[in-house]
Amino acid sequence: QVQLVESGGGLVQAGVSLRLACAASGIILITDVMGWYRQAPGKQRELVATITSGGTTKYADSVKGRFTISRDNAKNTVYLQMNSLRAEDTAIYYCNNQGPPSRNYWGRGTQVTVSS
C-alpha cells in the first residue's frame, strides 16, 4: 500500500511560479514511476509529467520547457516546479505512483488556480 499526499497548490497570477510536492509513504519500489496528472473542470485527467527512480522524465507537450519534475528517492518525495504559469494550467493536480504488475496509487489532489 502507498499513501500519497500533495502540497503546494494555490491561487496565483499568470506568469509566476509554483512548486508542488508529493510525499509518499508505504512500500515504494525501485521500479515505481512517480508522476503528476491534472484534471481541469469538465475535462479528463491528463498526464503532466512522470519520472522513474533513475531520473528518466516524460512531459506533456503543453508543459515542456515550463514544468520540471524531480524526485528525491531518499525522502520518497516528488516535486513539480511550474514556471510561467498560464490560465490553462488551472486544474486539480494529482500525484501518482505506478509499478508492475498492477500498482497504481493516487493522492487526493491539490488545486492550482491561475488567474489571467
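Computed from a predicted model, the values in this text were never measured in an experiment.

(A) Representation of the overall build of the protein chain within the structure. When helices and strands are tallied, the protein chain shows zero helices and eleven strands. Listing every helix and strand of the protein chain by position from the N terminus yields β-β-β-β-β-β-β-β-β-β-β. Over its C-alpha atoms the protein chain spans a radius of gyration of 13 Å, differing by no more than 12% from the 13 Å that the globule rule assigns to 116 residues. Counting only C-alpha atoms and orienting by the principal axes, one finds that the protein chain spans roughly 40 × 25 × 20 Å. The 116 residues of the protein chain split such that 41% are buried. When contacts within the protein chain are restricted to residue pairs at least 6 apart in sequence, those whose partners lie at least 24 apart make up 53%. Surface exposure of the protein chain reaches about 6,200 Å², of which carbon and sulfur atoms provide 50%. Each charge class in the protein chain was averaged separately, 12 positive and 7 negative side chains, and the resulting centres sit 2 Å apart.

(B) Region of the structure containing the pattern of salt bridges. The tally for this structure, following the rule as stated, stands at five salt bridges. For the salt bridge of Asp89 with Arg66, the shortest nitrogen-to-oxygen distance reads 2.8 Å. Note that Asp89 is positioned in the loop between strand S8 (77-82) and strand S9 (91-99) and Arg66 in the loop between strand S6 (57-59) and strand S7 (67-72), a separation of 23 residues in sequence. Connected through salt bridges with shared partners, the residues Arg38, Glu46, Arg66 and Asp89 form a single ionic network.

Conventions and cut-offs
Residues numbered from 1 in each chain as written. Predicted model: local features only at pLDDT ≥ 70, side-chain atom pairs only at ≥ 80, totals over all residues. Heavy atoms only, no water. Helix = DSSP H or I, 4+ residues; strand = E, 2+ residues; numbered from the N terminus. Rg over C-alpha atoms; globule rule 2.2 N^0.38 Å. Buried < 20%, exposed > 50% of the residue type's maximum accessible area, 1.4 Å probe, protein only. Contact = heavy atoms within 4.5 Å. Areas by Shrake-Rupley, 256 points an atom, 1.4 Å probe, with all protein chains shown as cover. Lys, Arg positive; Asp, Glu negative; His and termini not counted. Charge placed at Lys NZ, Arg CZ, Asp CG, Glu CD. Salt bridge = Lys/Arg side-chain N within 4 Å of Asp/Glu carboxyl O.

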